[in-house]
Amino acid sequence: MIDNNDRPIQQPSHTPSSETAIDQGVSIDSIINGAVDLCKELPSSYDIYTERIEELRERLSKGKLHFAVLGQFNRGKSTFINALLGVKVLPTSVLPLTNVPTVIRYGRTEKSIVSFSDEKDDEIAENSSEAIQQLLIKYVTEENNPKNRHKVASVHVECSSDLVRNGTVIIDTPGFGSTFIHNTQTTIDLLSECDAAFFLLSADLPITEIEVSFLKEMQKFVPRIFFVFNKVDLLNEEERTKTTKFVRAEVRQHLDLPTDVTLFPINARQGESSTARDETDQPWNRSGLQAIVDAINHFMIADKYFILSHALNEKLHDALDGITSTLGKEIAEIGAPVSELHEAVLQLKEKVEDIEKQSQSEITMVEAEKKALTEFLDKTIDKQKQSLHGQTEEFFHDILKQDNVKLMLKDRLTTSYPSFYTQASKAFVLQVTTAINKPLRKASLIHRREFERIAQKARQLLNVTFTIPDAVKDTLEGMEISPPYESISKNTDETLARLSTSFSDRFKSKEALGKHYETIYLPILKEHIDSSIEILSKAFHEKITHLCSQLSAELTNSYSALKKSTSGKQEEQESRWHQAQEKARPQIEKKEDLKEGFEKIKKRLP
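Residues numbered from 1 in each chain as written. Predicted model: local features only at pLDDT ≥ 70, side-chain atom pairs only at ≥ 80, totals over all residues. Heavy atoms only, no water.

Draft legend 1. Region of interest: the overall build of the protein chain. In terms of regular secondary structure, the protein chain is built from 15 helices and 9 strands. Sorting the 606 residues of the protein chain into buried and exposed places 47% on the buried side. Considering only contacts within the protein chain whose residues lie at least 6 apart along the sequence, 80% involve residues at least 24 apart. Accessible surface for the protein chain amounts to roughly 30,100 Å². Of this, 50% is attributable to carbon and sulfur atoms. (Helix = DSSP H or I, 4+ residues; strand = E, 2+ residues; numbered from the N terminus. Buried < 20%, exposed > 50% of the residue type's maximum accessible area, 1.4 Å probe, protein only. Contact = heavy atoms within 4.5 Å. Areas by Shrake-Rupley, 256 points an atom, 1.4 Å probe, with all protein chains shown as cover.)

Draft legend 2. The pairing of strand β2 (residues 102-106), seen in detail. Pairing of β2 with strand β5 (residues 152-159) involves 5 bridges; the strand directions are parallel. In the strand pairing of β5, Tyr106 is matched with Cys159. Pairing of β2 with strand β6 (residues 169-172) involves 3 bridges; the strand directions are antiparallel. Along β6, the bridge assignment pairs Ile104 with Ile170. (Pairing = 2+ DSSP bridges.)

Draft legend 3. Local environment of the confidence of the model for the protein chain. The share of residues in the protein chain with pLDDT of 70 or more is 82%, and the mean pLDDT across the chain is 78. Averaged pLDDT values over the elements of the protein chain bottom out at 61 in helix α5 (residues 181-190) and peak at 92 in strand β3 (residues 111-116). In the model, residues 1-26 has pLDDT below 50 throughout and makes 67 contacts with residues more than four positions away in sequence or in other chains. (pLDDT = per-residue confidence, 0-100.)

Draft legend 4. Representation of the nonpolar core in the model. Counting residues in hydrophobic clusters, the biggest one holds 49 residues, and the most contacted among them are Phe396, Leu413, Tyr417, Phe428 and Leu555. Of all elements in the fold, only α11 (336-400), α12 (405-462), α13 (470-477) and α15 (510-604) reach the threshold of two or more residues within this core. It is α15 that provides the largest number of residues to this core, a total of 16 residues. Excluding its chain neighbours within four sequence positions, the residues that come into contact with Phe428 are Ile381, Gln384, Lys385, Leu388, Ile533 and Leu536. (Core = buried A, V, L, I, M, F, W, Y, C linked by side-chain atoms within 4.5 Å.)

Draft legend 5. Structural view of the side chain of His389. Mapped onto the elements of the fold, His389 is located in helix α11. Under the relative-accessibility criterion, His389 is labelled buried at 14%. Among residues more than four places away in sequence, those in contact with His389 are Lys526, Ile529 and Asp530.

Draft legend 6. Region of the structure containing the pairing of strand β7 (residues 196-202). Of all 7 residues in β7, 7 are buried, a share of seventy percent or more. Burial of the side chains of β7 extends over both faces: Ala196, Phe198, Leu200 and Ser202 are buried on one face and Ala197, Phe199 and Leu201 on the other. Note that strand β1 (residues 66-71) and β7 share 5 bridges and pair parallel. Note on β7: the bridge partner recorded for Phe67 is Ala196.

Draft legend 7. Here's a closer look at unusual backbone geometry. For Asn127, which is not glycine, the phi torsion reads 65° and is therefore positive. Turning to its location among the elements, Asn127 is positioned in the loop between β4 (123-126) and α4 (129-140). What makes Asn127 exposed here is its relative accessible area of 58%.

Draft legend 8. Summary view of the sheet that holds β7. One open sheet accounts for 9 strands, arranged β4-β3-β5-β2-β6-β1-β7-β8-β9; its pairing is mixed. Two strands in the sheet have a free side with no partner beyond their single neighbour: β4 and β9 (263-265). In this sheet, adjacent strand axes meet at a mean angle of 20° when their direction is disregarded. Sitting on the sheet, helix α3 (residues 77-85) touches β1, β2, β5, β6, β7 and β8 (225-230), and the angle it makes with β1 is about 145°. Contacts from helix α7 (residues 237-255) reach β7, β8 and β9, with the element oriented near 150° to β8. (Axes fitted to C-alpha atoms, helices over the stretch in contact; angles between N-to-C directions.)

Draft legend 9. Main features of helix α6 (residues 209-218). Burial in α6 covers these residues: Glu211, Val212, Phe214, Leu215 and Met218. For α6, the buried positions fall inside an angular range of 165° around the axis, keeping them on one side. (Arc of directions from axis to C-beta.)

Draft legend 10. Focus on the packing of aromatic side chains. Summed over all chains, the structure comprises 12 aromatic pairs. A ring pair is formed by Phe226 and Phe264, whose centres lie 6.4 Å apart and whose planes are at 45°; its orientation type is tilted. Taken together, the positions of Phe226 in strand β8 and Phe264 in strand β9 put the pair 38 residues apart, joining distant regions of the chain. Like Phe264, Phe226 is buried. Ring geometry for Phe395 against Tyr417: centres 6.1 Å apart, planes inclined by 50°, an arrangement best described as tilted. Of this pair, Phe395 sits in helix α11 while Tyr417 sits in helix α12, placing them 22 residues apart in sequence. Comparing Phe395 with Tyr417 shows no difference in burial state: the two are buried. For the cation-ring pair, Lys120 lies above Phe116, with the distance from its terminal atom to the ring centre recorded as 4.4 Å. Positioned above the aromatic ring of Phe226, the side-chain terminus of Arg224 is 4.7 Å from the ring centre. (Phe/Tyr/Trp six-rings, centres within 6.5 Å; stacked < 30°, edge-to-face > 60°. Lys NZ or Arg CZ within 6 Å of the ring centre and 35° of its normal.)

Following this line, the structure appears as structure tokens:
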């Protein structure tokens, strides 16, 4: 039976907390429902926008997240997908099989649909797993469709698996690193469309240089990676422990991931053969797949709404803008000059408020990021501290093993400890700095993109000149902390001075004396390590606080300047509109009320 107890907590993602993500999701869901209700009052000429908003509500309600299954050829991707779905819809082979991506989605009955880029009709197989697999073998395999000579545009498989019931989509990708180079490129091209990915490794060849290279590439596109370690039935317990440790170390080293990388050990073939898929199903229990199902469910609960709400936010903005823009044109037809000014004023007011809201949100976000960074820092330091304690114990025990411990232990510690302490402290500083700089760099990129988006919106909609100031640009480009090596304590003399010996030590056996020294000396060394880490922790906190304070101040000044430049233009437009509005108010009230309803919905958008 596969035991998942040795897996650490999953790697943290750079997203808001689960509660925040869910709150945002519920909020956008409520906003879309309000927009749909208001759309009922629109005539049929607005159907294009109404249908678009309905589509957004459907995607959000069904949680259409895209999971890619990635891995080198012969890692068991198709078998893994069959086991995960609980339905044997994909063919399996020891040869490179998939050369066209296969999209698996929910359907009441089993079905496969192959579409083509030319005028050829779709080919469909349904209600038979064997027929479905035969159709897939015909068109998605390298043997029967080399380099996609049949011009397959898309392949969809439908099944009634609970995993895809709520709109989740699974994508079976071509295996990379095979003799068919175009398969690797096809897989890379898919990554930008995926919200998360399963990366399959195999116990018979734990991790290769090709897989490391591919992981580095996919890291640029996929926000969440689940590492799946297949075929663990090929290993005994000792081999599995060593191999798992090796794979984790390789992933951390080459991908700059945090130390708590999750590795899901599974037996996909055993999972594929299971039937009940519950605690009574021994093959399922031994397969290890339940842990992956639990992880997916947690990911869906914690991150679904955050990912989808941000993806749908701009699309909903566009649909609502289309509605209000069309209403504005109809108002303009009723009272030409008044409606023209009216539309301009409303658009200006909305966009100014939107820009100010987004600007304030950016400034407020810095404080939230500071809190998250400091919490992450404390956790990272605590983990590294435990590691440093272990290194100190190992160092001490190595000294004890040497000859003449009775007479020379203190001298050897005095000679060796300063060098050990300096090297271990520098490694500690580097590990913590590397860990904290990753979310810092990501936050920097997000702030810069948002700043440039707001500035572009101001230029386009308000006709004002506003660019990212050099001070903000410099801060964002250098938004990382340098290792505080200067905070490493240089004074080890006081600690070493506390190491004392007595005349009676000469009469003790080497074993007794070693235990005696371990009881007295080792706590002194650990106490010195702890006090040094406390100094380093303070230095890290000060660097983060300084960096966040500097960014917050510069963003505040820059956005204040933008607000000042837009306020005058807004006041000027409103004055002209009020003068003309009195002449045509009765004719346009009804359409204005409807337009105002959609404006309120837009203002509720995050």
